[in-house]
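Structural description and commentary
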Amino acid sequence: MEVKRKIYIELGAHNGSSAKSFIDKNPDFKSYLFEPFVDCKTEGIVKKVAASTYDGTCKFYLGKTDVSGSTRSDKVKHMSDEPPIEVPCINFSNWLRQNFSIEDYIVLNMDIEGAEYDVLPHLIQTNAIDYINELGVEWHGNAKIKDLSLIMLESLKNKVKARVPKYTELNKNTYNL
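What counts and how
- Residues numbered from 1 in each chain as written.
- Predicted model: local features only at pLDDT ≥ 70, side-chain atom pairs only at ≥ 80, totals over all residues.
- Heavy atoms only, no water.
- Helix = DSSP H or I, 4+ residues; strand = E, 2+ residues; numbered from the N terminus.
- Buried < 20%, exposed > 50% of the residue type's maximum accessible area, 1.4 Å probe, protein only.
- Contact = heavy atoms within 4.5 Å.
- Polar contact = N/O pair within 3.5 Å; in protein donor to acceptor, adjacent residues only side chain to side chain.
- Axes fitted to C-alpha atoms, helices over the stretch in contact; angles between N-to-C directions.
- Parallel < 35°, antiparallel > 145°, perpendicular 65-115°, else oblique.
- Nonpolar A, V, L, I, M, F, W, Y, C, P; charged D, E, K, R; others polar.
- Salt bridge = Lys/Arg side-chain N within 4 Å of Asp/Glu carboxyl O.
- Core = buried A, V, L, I, M, F, W, Y, C linked by side-chain atoms within 4.5 Å.
- Left-handed = near helix turned anticlockwise from the far one by under 90°.
- Pairing = 2+ DSSP bridges.

**Here's the deal with the environment of Tyr32**
Topologically, Tyr32 is positioned in strand 2 (residues 30–34). Assessed through its relative accessible area of 10%, Tyr32 is described here as buried. Not counting residues up to four positions away in its chain, the partners in contact with Tyr32 are Ile7, Tyr8, Ile9, Glu10, Ile45, Trp95 and Phe100. Within the local environment of Tyr32, its side chain forms a polar contact with the side chain of Lys30, the two groups lying 3.5 Å apart.

Next comes the structure, spelled out in structure tokens:
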């Protein structure tokens, strides 16, 4: 299969520093960054929206720092007592399928503070996950998400691993695929 385009997508891009590092090493990739709360200051197409399973608006729960906010009301670690704000959100599966083809080479970096438990099953359900060639996920496990079982976490990880050719679990030391 001939690759049409090389695409880097970052969900939860924060200020864009991870994307900048990736693009500096891989200048032939076009980048798309999604971040609903913080202004990304980097090259590439920046979408000031939250990745979601639907189009519209959603509640964004503020964190104690600008890197810990979430669309999940059950995220408990590093969260502020401030009321949530409304932010635009996008059905990421639909966006991916409408803007790219299966022949594109897509690298997806995901650090969305618990929303991976919504977005990844939707990617699998809609088969949009088949567009992704490399996936890096920072998992926000049961220490951060109330009532999340380790069985659920491992089950989702296994489903993702079965569908994505190259999979990486991200942490602060492996942020660039």
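Having seen the structure, we can now continue with the description.
**Digging into the packing of helix 2 (residues 92–99) against helix 3 (residues 116–125)**
Running from N to C, helix 2 and helix 3 cross one another at 45°; their axes reach a closest spacing of 9 Å. Relative to helix 3, helix 2 is oriented oblique. Along the contact surface, helix 2 presents Phe92, Ser93 and Leu96, while helix 3 presents Val119, His122 and Leu123. Within the contact of helix 2 with helix 3, the residues separate by chemical class into four nonpolar, two polar and no charged.

**Remarks on the pattern of salt bridges**
Considering all chains together, one arrives at ten salt bridges under this definition. The partner of Lys157 in a salt bridge is Glu154, and the shortest N-O contact between them spans 3.6 Å. Taken together, the residues Lys157 and Glu154, both in helix 4 (residues 150–163) and three residues apart, mark about one turn of the helix. Each member of the salt-bridge network shares a partner with another, and the members are Arg72, Asp74 and Asp118.

**Some remarks on the nonpolar core**
The biggest cluster of nonpolar side chains holds 34 residues, and the ones touching the most others in it are Ile9, Leu11, Phe92, Leu96 and Leu123. Contributions of two or more residues to this core are made by strand 1 (6–11), strand 2, helix 2, strand 7 (105–110), helix 3, strand 8 (132–137) and helix 4. When residues no more than four places from it in sequence are discounted, the contact partners of Ile9 are Tyr32, Phe34, Phe92, Trp95, Leu96, Phe100, Ile106, Val107, Leu108 and Asn109. Within the second largest apolar cluster, nine residues are counted, among which are Ala13, Phe22, Phe29 and Leu33.

**Quick look at the packing of helix 3 against helix 4**
Here helix 3 crosses helix 4 at 40°, and the two axes come no closer than 11 Å. Comparing their axes, helix 4 and helix 3 come out oblique. Between helix 3 and helix 4 the crossing geometry is left-handed. Contacts between helix 3 and helix 4 pair Glu116, Tyr117, Leu120, Pro121 and Ile124 from the former with Met152, Leu153, Leu156, Lys159, Val160 and Arg163 from the latter. A breakdown of the residues in the contact of helix 3 with helix 4 according to their chemical character gives eight nonpolar, no polar and three charged.

**Brief notes about the sheet that holds strand 7**
If you trace the six strands from one edge of the open sheet to the other, you get 3-2-1-7-8-9, paired in parallel fashion. Of all the strands in the sheet, the pair left with one neighbour each is strand 3 (45–47) and strand 9 (166–169). Adjacent strand axes in the sheet meet at a mean angle of 15°, parallel and antiparallel pairs treated alike. Where strand 8 lies against strand 9, four bridges are found, and the strand directions are parallel.

**Looking at unusual backbone geometry**
The backbone phi angle of His78 is positive, close to 65°, even though this residue is not glycine. Using a relative accessible area of 43% as the deciding quantity, one classes His78 as partly exposed. Positive phi, normally seen in glycine, also occurs at Glu113, with a value near 50°. On the secondary structure map, Glu113 appears in the loop between strand 7 and helix 3.

All we've got here are geometric facts, nothing functional implied.
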